[in-house]
Amino acid sequence: TRERYWNPSLEKDGKLLELPEGSYGPTIVNDFLLDFIRENKDQPFFVYNPFILPHNPFPPTPHSANFKETDPKKNFIDMVQYIDFLVGRIVDTLDELGLRENTLVIFTADNGTNHVLTSEFQGEQIQGGKGFTYDYGTHVPLIANFPGKIPPGQVNSDLIAFSDFFPTIVEAAGVEPKAITDGDGISFWPQCIGKPGTKRNSVFGYYFPRPYSKKFDEMYNHWEVRYARDKRYKLYGNGDLYDTRSDILEKNPSKTTNESKPAQSARKKLQEVLDSFPSAGR
């Protein structure tokens, strides 16, 4: 599986790009990105960099101590550290070009850790939740850094959804926003610079990743999932309500017959959110 990340040739602009034997895919992508930044250093630019790492399979990285290591957890740790190295190259390049003080860098993830891996956090063993809709699958890191504009050391607990990134970047860049009729993103740029901003009361989630998966595997043969959540409660389209503070793995849905008043209030508000969205995907 390691060889899947070592590709001696890639296609660029319709032409075959010859690479040295032993080239590492994530490094090649990083090199391309750094070249793009250097070529566009004299004008505004936008870079979207979806990392290949730390996706499975879990082979060693060029910085791994043991290139024959087969333990997924050890290699996963190396992969995360290699991401840190690649991000560092980006930041160093911005410093080198004198762009660091005028560049917004956002780092986030699109899902939780792979389910085959278990991590340790604050004394707890936490199994990865990628591919599932409970918090270990959908609650991810988000770091926004902009020297001189975003005060350092801030931690913000506001709800953020991925639809919020577009209006946030537009506002941060000082671009006049266009009217959007088919989106519900809310800029969190004010929060980044230490202002209250507009806080989300809820986030809507829709998940049906592999409607074809029954043909191939049962692991991700999910039903169509809709849910709405606030900071504490999560209500699914089938009526299951979970308190994500006390039941983060969502094993015990709240019973409507004896729900607490906070749970009843959350159910009512979140049901209104669910009702405001389509009942099924296109």
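Each residue is numbered by its place in its chain's sequence as written, counting from 1. Per-residue local features of the predicted model are confined to residues with pLDDT of at least 70, and side-chain atom pairs are confined, for both listing and counting, to 80 or more; whole-chain, interface and lining totals are unaffected and use all residues. Side-chain measures here rest on the full set of heavy atoms in the structure, leaving out hydrogens and waters.

1. Thoughts on the overall build of the protein chain
A run of H or I in DSSP counts as a helix once it spans at least four residues, and a run of E counts as a strand once it spans at least two, with each numbered from the N terminus. Each helix and strand counted, the protein chain has six helices and ten strands in total. Projected onto the principal axes, the alpha-carbon positions of the protein chain cover approximately 65 × 45 × 40 Å. Think of it in three bands: with a 1.4 Å probe and only protein chains considered, a residue is buried below 20% of the maximum accessible area for its type, exposed above 50%, and partly exposed in between. Of all 282 residues assigned to the protein chain, the portion counted as buried reaches 33%. What makes two residues a contact is simply this: any of their non-hydrogen atoms within 4.5 Å. Look at the contacts in the protein chain between residues 6 or more apart in sequence, and 55% of them connect residues 24 or more apart. Split by element, the accessible area of the protein chain, about 18400 Å² in all, is 53% carbon and sulfur. Shrake-Rupley sampling with a 1.4 Å probe provides the accessible areas, and residues are treated as covered by the protein chains on show and by no other component.

2. Section: helix α4 (residues 165-172)
Within α4, burial applies to Phe-165, Thr-168, Val-170 and Ala-172. Of the residues flanking the end of α4, it is Gly-174, one or two places downstream, whose phi is positive at about 75°.

3. What to know about the confidence of the model for the protein chain
Here the protein chain averages 89 in pLDDT, while 90% of its residues score no lower than 70. Contacts from residues 1-8, a stretch scored under 50 in pLDDT, to residues over four places away or in other chains number 25 contacts. Scored between 0 and 100, pLDDT is the confidence that the predictor attaches to each residue.

4. Remarks on the packing of aromatic side chains
Centre distance within 6.5 Å is the pairing criterion for rings of Phe, Tyr and Trp, where only the six-membered ring of Trp is used; planes under 30 degrees apart are then read as stacked, over 60 as edge-to-face, and the remainder as tilted. On inspection of all chains with the given rule, the structure shows twelve aromatic pairs. Both rings, one in Phe-58 and one in Phe-76, keep their centres 5.9 Å apart while their planes meet at 90°; by these two values the pair is edge-to-face. In this pair, Phe-58 is assigned in the loop between α1 (25-39) and α2 (72-96) and Phe-76 in helix α2, connecting sequence segments 18 residues apart. Here the aromatic cluster, defined as three or more aromatic residues joined through ring pairs, consists of Tyr-24, Tyr-82 and Phe-85. Distance and angle both matter: a charge sits over a ring if NZ of Lys or CZ of Arg is within 6 Å of the ring centre and within 35 degrees of the ring normal. The ring of Tyr-227 carries the charged tip of Lys-234 above its face, separated from the ring centre by 4.8 Å.

5. Notes on the environment of Lys-268
Within the secondary structure, Lys-268 sits in helix α6 (residues 261-275). Note on Lys-268: relative accessible area 58%, which makes it exposed. Between the C-alpha atom of Lys-268 and that of Val-105, which follows or precedes it by 163 residues, the distance is 38 Å.

6. Brief notes about the environment of Thr-27
Of note, Thr-27 is situated in helix α1. Separated by 220 residues in the primary sequence, Thr-27 and Asp-247 place their C-alpha atoms 40 Å from one another. Setting aside residues up to four positions removed in sequence, Thr-27 forms contacts with Tyr-82, Leu-86 and Arg-89.

7. Things to note about the packing of α1 against α2
Each axis is a line fitted through C-alpha atoms, and for a helix only the stretch in contact is used; angles between axes span 0 to 180 degrees, taken between their N-to-C directions. Orientation of α1 relative to α2, taken along the N-to-C sense of each, is 15°, at an axis distance of 10 Å. Between α1 and α2, the angle is such that the two are roughly parallel. For the pair α1 and α2, the crossing hand works out as right-handed. Seen from α1, the contacting residues are Pro-26, Thr-27, Asn-30, Asp-31, Leu-33, Leu-34, Ile-37 and Arg-38; seen from α2, they are Tyr-82, Leu-86, Arg-89, Ile-90, Thr-93, Leu-94 and Glu-96. In the contact of α1 with α2, the residues fall into eight nonpolar, three polar and four charged. Roughly parallel here means an angle under 35 degrees, roughly antiparallel means over 145, roughly perpendicular means 65 to 115, and every remaining angle is called oblique. The sense of a crossing depends on the near helix, which, turned anticlockwise from the far helix by less than a right angle, makes the crossing left-handed and, turned clockwise, makes it right-handed. In this classification, the charged set is Asp, Glu, Lys and Arg, the nonpolar set is Ala, Val, Leu, Ile, Met, Phe, Trp, Tyr, Cys and Pro, and all remaining amino acids, among them Gly, are polar.

8. Comments concerning the pattern of salt bridges
Whenever a carboxyl oxygen of Asp or Glu lies within 4 Å of a side-chain nitrogen of Lys or Arg, that contact is scored as a salt bridge. Considering all chains together, one arrives at twelve salt bridges under this definition. A salt bridge links Glu-120 to Lys-73, with the nearest nitrogen and oxygen atoms 3.6 Å apart. Of this pair, Glu-120 sits in strand β4 (residues 118-121) while Lys-73 sits in helix α2; the two residues are 47 residues apart in sequence, bridging distant segments of the chain. The salt bridge partner of Arg-267 is Glu-259, with a shortest N-O separation of 2.7 Å. The exposure class of Arg-267 is buried, given its relative accessible area of 17%. Judged by its relative accessible area of 9%, Glu-259 falls in the buried class.

9. Quick notes on the sheet that holds strand β7 (residues 203-207)
Across the sheet, four strands lie side by side as β7-β8-β9-β10; this open sheet has antiparallel pairing. For this open sheet the edge positions go to β7 and β10 (241-243), each flanked by a neighbour on one side alone. Strand-to-strand, the axes of this sheet are offset by a mean angle of 20°, without reference to chain direction. DSSP-based pairing: two strands are paired if at least 2 bridges between them are found. Inspection of the sheet shows strand β9 (residues 233-236) paired to β10 by three bridges, in the antiparallel sense. When the bridges of β10 are listed, Tyr-233 appears paired with Asp-243.

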